[in-house]
Amino acid sequence: MKNGITPVIYYCNPNIYPREEYEIRKNECTRYAEALGLEIVDADYDHGNWLREVAGMESEPERGGRCLKCFKLRLLRTAQFAAERGIKVISTTLASSRWKSLDQINEAGRWACAEIPPDDSVIWWDQNWRKGGLQERRLQILKEYDFYNQLYCGCEFSIRKDDQNTGE
Ligand code: SF4
């Protein structure tokens, strides 16, 4: 792989509702992983547990407390998976979306890595994936692979009545 890095994709999205949407997005991710010859690991889809974790924050706006909790939950599981596999650095595609708070994502990523015992330490890669031509590269890939265009972030609380697309 380029730059001596061989990524492993950890698909951890118990936030996505309904299940059909989860499968559509997972299949798109799998299609891309296969095209690049990358491993993709599907974390289990426990939406019931995710709902319990964000209970009381259902009405929060996007970029609010529910989203921080959602990032923490998913990035902690990612960090734990990385530690189990001996993977030293993690990042997330969440950080490439202009709809998400980069500060919240970095806070959650750092917190998740700090939860891992020092012997298995995992580093949070706080690369800004929206700068230095990376946003343009992202759009190029979306077009090249004709990716499914998601219409909302993922959870049932992010499904909007209007047409605003916060999914990408
Ligand atoms: S809006 Fe998106 S980031 Fe926020 S809680 Fe829902 S799925 Fe998670």
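Residues numbered from 1 in each chain as written. Predicted model: local features only at pLDDT ≥ 70, side-chain atom pairs only at ≥ 80, totals over all residues.

A. Quick peek at the overall build of the protein. Within the protein, the regular secondary structure consists of five helices and four strands. Secondary structure elements in the protein, listed N-terminal to C-terminal, are β-α-β-α-α-β-α-β-α. Taken over the C-alpha trace, the protein has a radius of gyration of 16 Å; the compact-globule value for 168 residues is 15 Å, and the two agree within 12%. Along the longest, intermediate and shortest principal axes, the C-alpha atoms of the protein span 45 × 40 × 30 Å. (Helix = DSSP H or I, 4+ residues; strand = E, 2+ residues; numbered from the N terminus. Rg over C-alpha atoms; globule rule 2.2 N^0.38 Å.)

B. The site of the ligand, seen in detail. With respect to spatial proximity, the complete set of residues near the ligand consists of Asn15, Glu62, Arg66, Cys67, Cys70, Cys153, Gly154, Cys155, Phe157 and Ser158. By residue class, the composition of the shell around the ligand is five nonpolar, three polar and two charged. (Near = placed C-beta within 6 Å. Nonpolar A, V, L, I, M, F, W, Y, C, P; charged D, E, K, R; others polar.)

C. Region of interest: the nonpolar core. Within the largest apolar cluster, 16 residues are counted, with the highest numbers of intra-cluster contacts made by Phe71 and Ala79. Going through the elements one at a time, α3 (65-85) and α4 (102-114) are the ones with two or more residues in this core. Looking at this core element by element, the count peaks at six residues for α3. Filtering out sequence-adjacent residues up to four positions away, phenylalanine 71 remains in contact with Leu94, Gln104, Ile105 and Ala108. (Core = buried A, V, L, I, M, F, W, Y, C linked by C-beta atoms within 7 Å. Buried ≥ 20, exposed ≤ 12 C-beta atoms within 10 Å, placed from the backbone. Contact = placed C-beta atoms within 7 Å.)

D. Here's a closer look at α3. Spanning 21 residues, α3 covers 30 Å between terminal C-alpha atoms, matching the ideal 30 Å at 1.5 Å per step. All of the buried residues along α3 are Arg66, Cys67, Lys69, Cys70, Phe71, Arg74, Leu75, Thr78, Ala79 and Ala82. Of the surrounding secondary structure, the elements contacted by the buried residues of α3 are β1 (8-11), α2 (47-53), β3 (89-90) and α4. Within two residues after α3, glycine 86 carries a phi angle of roughly 75°, on the positive side. (Expected span 1.5 Å × (residues − 1).)

E. Up close: the pairing of β1. Here β1 pairs with strand β2 (residues 39-42) via four bridges, running parallel. Residue pairing in the sheet places valine 8 in a bridge with glutamate 39 of β2. Assessed by its sense of winding, the connection that carries the chain from β1 through helix α1 (residues 19-36) to β2 is right-handed. (Pairing = 2+ DSSP bridges. Right-handed = clockwise from strand over helix to strand, strands pointing away.)

F. Structural detail: the environment of glutamate 58. Turning to its location among the elements, glutamate 58 is positioned in the loop between α2 and α3. The exposure class assigned to glutamate 58 is exposed, which follows from the 11 C-beta atoms found within 10 Å. Residues glutamate 58 and serine 158, spaced 100 residues apart in sequence, show a C-alpha to C-alpha distance of 9.5 Å.

G. Structural view of unusual backbone geometry. Omega for the peptide link from tyrosine 17 to proline 18 comes to -5°, which places this bond in the cis form. Among the structural elements, proline 18 can be located in the loop between β1 and α1. In the Ramachandran plot, arginine 63 falls in the positive-phi region, its phi being about 80° despite a non-glycine side chain. Since 14 C-beta atoms lie within 10 Å of it, arginine 63 is described here as partly exposed.

H. Broad picture of the packing of α3 against α4. For the pair α3 and α4, the least separation of the axes is 8 Å and the interaxial angle reads 40°. Accordingly, the angle class assigned to the pair α3 and α4 is oblique. The element α3 and its partner α4 pack so that their crossing is right-handed. Residues Cys67, Leu68, Phe71, Lys72, Leu75, Leu76, Thr78 and Ala79 of α3 pack against Gln104, Ile105, Glu107, Ala108, Gly109, Trp111, Ala112 and Cys113 of α4. (Axes fitted to C-alpha atoms, helices over the stretch in contact; angles between N-to-C directions. Parallel < 35°, antiparallel > 145°, perpendicular 65-115°, else oblique. Left-handed = near helix turned anticlockwise from the far one by under 90°.)

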